[in-house]
Amino acid sequence: MSSIRFDAVGKSFGGGVLTLQDINLDVADKEFVAIVGPSGCGKTTCLRMAAGFDFPTSGRVLVGNSEVTKPGPDRAVVFQQFALFPWKTVTENIELGLRNKSVARDERKARVADAVAMIGLGGYENSYPHQLSGGMQQRVAIARAYVLDPQVLLMDEPFGALDAQTRVVMQEELVRLARLNPRTVLFITHGVEEAVYLADRVAIMTRRPGRIKEIVDVKSVRIAERWDSHSRIEDVMDLESFVHLRTHIWKSLREEKAGADH
Amino acid sequence: MPLSRRSAVGVTTLAVVALAWVLLTGVSGLVSPGRFPTPADTWAAGIQAMMRGYGDATLVVHVLQSLKLVALGFLASIAVGVPLGLLMGWSKTAEAVLNPVFMLLRPIPPLAWIPLAILWLGLGDGAKILVIFFAAFVPSVINTQVGVKTIERPVIEAARMLGTPRWRFVREVLVPGASPMIFTGLRLSLQASWTTLVAAELVGALAGLGHMLNLAQQDLYPGMILVGMVCVAIFGALTTALLGAVERRALAWKRTRGGAA
Ligand SMILES: Nc1ncnc2c1ncn2[C@@H]1O[C@H](COP(=O)(O)OP(=O)(O)OP(=O)(O)O)[C@@H](O)[C@H]1O
Ligand SMILES: [Mg+2]
């Protein structure tokens, strides 16, 4: 059981300005929930509290049935700023988590090789991060999290630095993995289409102080409209049911952005 | 500038200095040999020091003695300074406890430790190594401490998220993350070791370049003074180059883009 539960969570940093207010969100075991919201509304802060890097000022954050007290490899994080080890090669970056778990050498090498193949970085195994483009670094950060095979995946705009083609490949791969081997995923994105394509539910946040404004159920529509029968992302995105959900979320977000202009 | 061109410029500069030396002291006699030795005097002094020795030992013995003191003082300062710097950079408590001590110790010139060092350890090598240690210690601590603080927070968080155990975290995250600054500290420490060496050897030494310089001054022997100074310069530069080679290997991951992939 690896659910994530935000229970009446409030957060203010130092001074006292409220960053997050009364966040209630349940991500069920093996459910994929995406969070969208205006920049600075506190999405990363939510994810960091689930990861155990920040702690709520009021309320509780639970993973499984226990309150989060510290970070750990059961909750793999893909950071918004990649956070690779600059002094480690691609392989060494991906391998560290497995070494920490004392995975045997042969299995480790095999799993790292699979991960490198998945992110399409064959040939760059011995490169250092600074020798890679931003998008390539982001893929290494994704592989470093995937390779742990964690119960919970916390992803902060993981495809933000990718070009459109690579992003589509990674999105399709994520959907494939999610069907094959479902995980509890909390996924932050600015891409509404990406959220609707990947998630079971999409949580929309308000601008500061961040609250959950609305939670949109995508999964029931996806099943009813048989989105999975289309293997290609562009076919799904053309479906009327998809467009309908996307537009709904867009409008909801637009109200928030318009509010910010006053 | 390409490497060959740079070394050509360097060689030219040295040649001009040598020429000026010859013209000023030997040929024109503008500078009297009693103040600054001619090339011929210096050469003779060098040969004498190497073959027959000066101050009860040959030049090789003097050089080896000085190298030994510098190496031991420098290595001791790293062995204590780098771990202490790591601790102070990482732990706010350690920093709060140790920083006041450092504020007090830092302004003391390393040479002011000589009387205490002799009182504690006598006139042997120990006291000299201790003085070099004090001089080299501070830069390695301070720079290591700063180096730890320059590690980006997300990188440290990533290591924690991956469940990195403590000693692996120190070895594979803290040390390499701080290593660019650690090496800056080591270069300053090495420099401080050499600057302190000569002064440390002025007192009660039986061999060493500082001892040699001190004797040459008492003997009013400018040629030998210059030989001693040139030796300090050469071996200072050699050890610095050695440290630079180690640094380039250790920081290979930092080389600029476009390096071999
Ligand atoms: N450590 C911190 N100290 C003080 N304020 C912080 C800290 N971390 C975040 N904040 C503030 O909290 C707010 C929310 O930040 P957060 O990074 O969670 O936003 P976000 O929704 O992820 O934004 P973006 O979409 O731009 O990534 C911001 O206004 C930010 O200034
Ligand atoms: Mg963010």
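Residues numbered from 1 in each chain as written. Chains lettered and ligands numbered in written order. Predicted model: local features only at pLDDT ≥ 70, side-chain atom pairs only at ≥ 80, totals over all residues. Heavy atoms only, no water.

### Remarks on the overall build of chain B
Logical step 1: Broken down by element type, chain B carries 10 helices and 0 strands.
Logical step 2: Ordered by position from N to C terminus, the α and β elements of chain B give α-α-α-α-α-α-α-α-α-α.
Logical step 3: Projected onto its principal axes, the C-alpha positions of chain B cover 70 × 55 × 30 Å.
Logical step 4: Of the contacts made within chain B by residues no fewer than 6 positions apart, 71% connect residues no fewer than 24 positions apart.
Logical step 5: Counting 20 positive and 10 negative side-chain charges, chain B places the centres of these two groups 11 Å from one another. (Helix = DSSP H or I, 4+ residues; strand = E, 2+ residues; numbered from the N terminus. Contact = heavy atoms within 4.5 Å. Lys, Arg positive; Asp, Glu negative; His and termini not counted. Charge placed at Lys NZ, Arg CZ, Asp CG, Glu CD.)

### Considerations on unusual backbone geometry
Logical step 1: Note the cis peptide between A:Arg208 and A:Pro209, where omega equals -5 degrees.
Logical step 2: Within the secondary structure, A:Pro209 is located in the loop between β9 (201-205) and β10 (212-217).
Logical step 3: Unlike most non-glycine residues, A:Lys30 shows phi in positive territory, near 65 degrees.
Logical step 4: Note on placement: A:Lys30 falls in the loop between β2 (18-27) and β3 (32-36).
Logical step 5: Positioned with a positive phi, B:Leu220 is a non-glycine residue whose angle comes to about 50 degrees.
Logical step 6: As for its placement among the helices and strands, B:Leu220 is situated in the loop between α9 (209-218) and α10 (222-250).
Logical step 7: Judged by its relative accessible area of 73%, B:Leu220 is exposed. (Buried < 20%, exposed > 50% of the residue type's maximum accessible area, 1.4 Å probe, protein only.)

### Comments concerning a nonpolar patch on the surface
Residues and elements named next belong to chain B.
Logical step 1: Among the surface-exposed residues, Leu 19, Val 22, Leu 23 and Val 27 lie close enough to one another that they form a single nonpolar patch of about 370 Å² accessible area.
Logical step 2: With respect to the helices and strands, the residue Val 22 is situated in helix α1 (residues 3-27).
Logical step 3: The class for Val 22 is partly exposed, based on a relative accessible area of 35%. (Patch = residues over 30% accessible without salt bridge, like charges linked within 9 Å, V, L, I, M, F, W, Y side chains within 5 Å. Areas by Shrake-Rupley, 256 points an atom, 1.4 Å probe, with all protein chains shown as cover. Salt bridge = Lys/Arg side-chain N within 4 Å of Asp/Glu carboxyl O.)

### Re the pattern of salt bridges
Logical step 1: Going through the model one piece at a time under the given rule, you end up with 21 salt bridges over all chains.
Logical step 2: Measuring nitrogen to oxygen at the nearest pair gives 2.8 Å for the salt bridge that ties A:Arg48 to A:Asp54.
Logical step 3: A residue is classified by how much of its surface remains accessible, and A:Arg48, at 11% relative accessible area, is buried.
Logical step 4: Between B:Lys68 and B:Asp125 there is a salt bridge, with its nearest N and O atoms 3.0 Å apart. In this pair, B:Lys68 is assigned in helix α3 (residues 59-90) and B:Asp125 in helix α6 (residues 125-150), connecting sequence segments 57 residues apart.
Logical step 5: Among the residues examined, B:Lys68 registers a relative accessible area of 40% and is labelled partly exposed.
Logical step 6: Accessibility expressed as a relative area gives 28% for B:Asp125, which makes it partly exposed.

### With respect to the interface of chain B and chain A
Logical step 1: At the junction of the two partners, chain B supplies 26 residues and chain A supplies 28 residues.
Logical step 2: Of all residues in chain B, B:Met161, B:Leu162 and B:Trp253 give up the largest surface area on contact with chain A, accounting jointly for 33% of the area buried on that side.
Logical step 3: Applying the counting criterion to the chain B and chain A interface returns 3 salt bridges.
Logical step 4: A salt bridge links B:Glu172 to A:Lys88, with the nearest nitrogen and oxygen atoms 2.6 Å apart.
Logical step 5: Viewed at the interface, chain A and chain B are joined by 9 residue pairs in polar contact (both at pLDDT 80 or more).
Logical step 6: Residue classes in the side of chain B that touches chain A are distributed as 13 nonpolar, 5 polar and 8 charged. (Buried area = accessible area lost by both parts, 1.4 Å probe. Polar contact = N/O pair within 3.5 Å; in protein donor to acceptor, adjacent residues only side chain to side chain. Nonpolar A, V, L, I, M, F, W, Y, C, P; charged D, E, K, R; others polar.)

### With respect to the coordination of the magnesium ion (ligand 2)
Residue and element names in this part refer to chain A.
Logical step 1: Bound to the magnesium ion (ligand 2) on the protein side are Thr 44 (OG1) and Gln 80 (OE1), at distances that span 1.9 to 2.4 Å. Here Gln 80 lies in the loop between β6 (75-78) and α2 (90-100) and Thr 44 lies in helix α1 (residues 43-51), a separation of 36 residues in the sequence.
Logical step 2: When its relative accessible area of 28% is taken as the criterion, Thr 44 is described as partly exposed.
Logical step 3: Assessed through its relative accessible area of 34%, Gln 80 is described here as partly exposed. (Donors = N, O, S within 2.8 Å, 3.2 Å for Na, K, Ca; no water.)

### Structural notes on the sheet that holds strand β1 (residues 4-12) of chain A
Residue and element names in this part refer to chain A.
Logical step 1: Ordered by their spatial adjacency, 4 strands build an open sheet running β2-β1-β4-β5, and the pairing between neighbours is antiparallel. Each edge of the open sheet carries a strand with a single partner, namely β2 and β5 (66-67).
Logical step 2: One ladder, built from 5 bridges, connects β1 with strand β4 (residues 58-63); its direction is antiparallel. Looking at β4, one finds that Ile 4 is bridged to Val 63.
Logical step 3: The strands that α1 touches are β1, β2 and β4; relative to β1, the one it contacts most, it runs at about 120 degrees. (Pairing = 2+ DSSP bridges. Axes fitted to C-alpha atoms, helices over the stretch in contact; angles between N-to-C directions.)

### Description of the environment of A:Pro182
Residue and element names in this part refer to chain A.
Logical step 1: Relative to the helices and strands, Pro 182 resides in the loop between α5 (164-180) and β8 (184-188).
Logical step 2: Given a relative accessible area of 31%, Pro 182 falls into the partly exposed group.
Logical step 3: In this structure, the C-alpha to C-alpha distance between Pro 182 and Asp 156, residues 26 residues apart in sequence, is 18 Å.
Logical step 4: Those residues in contact with Pro 182 that lie beyond four places of it in its chain are Lys 30 and Leu 177.

### Things to note about the site of ligand 1
Residues and elements named next belong to chain A.
Logical step 1: As a matter of local geometry, ligand 1 sits amid 13 residues, with Ser 39, Lys 43, Thr 44, Thr 45 and Arg 208 nearest to it.
Logical step 2: Between an oxygen atom of ligand 1 and a side-chain N or O atom of Lys 43, the distance comes to 2.7 Å.
Logical step 3: Protein coverage of the free-state accessible area of ligand 1, which is 640 Å², stands at 63%.
Logical step 4: Ranked by residues supplied to the shell around ligand 1, first place goes to α1 with 3 residues.
Logical step 5: In terms of residue class, the shell around ligand 1 is made up of 2 nonpolar, 8 polar and 3 charged. (Near = heavy atom within 4 Å.)

### Considering the environment of A:Leu253
All names here are of chain A.
Logical step 1: Assignment of secondary structure puts Leu 253 in helix α9 (residues 240-261).
Logical step 2: A relative accessible area of 4% places Leu 253 in the buried class.
Logical step 3: Sequence-distant contacts of Leu 253, defined by excluding residues within four places in its chain, comprise Val 36, Gly 37, Pro 38, Val 192 and Ile 204.

### Section: the confidence of the model for chain B
Residues and elements named next belong to chain B.
Logical step 1: Chain-level statistics for chain B give a pLDDT mean of 90 and a share of 97% at 70 or above.
Logical step 2: When the elements of chain B are averaged for pLDDT, α1 gives the smallest value, 86, and α3 the largest, 96.
Logical step 3: As a predicted assembly, this complex carries a pTM of 0.87 together with an ipTM value of 0.90. (pLDDT = per-residue confidence, 0-100.)

### A short note on the sheet that holds strand β7 (residues 152-156) of chain A
Residues and elements named next belong to chain A.
Logical step 1: Strands sit in the order β6-β7-β8-β3-β9-β10 across an open sheet of 6 strands; the sheet is mixed. Of all the strands in the sheet, the pair left with one neighbour each is β6 and β10. Taken over all neighbouring pairs, the strand axes of this sheet differ in orientation by 15 degrees on average, direction set aside.
Logical step 2: Across 5 bridges, β7 lies against β8 in parallel orientation. Its bridge partner lying in β8, Leu 154 is registered against Leu 186.
Logical step 3: With respect to the sheet, helix α4 (residues 134-146) is in contact with β6 and β7, its orientation differing from that of β6 by roughly 175 degrees.

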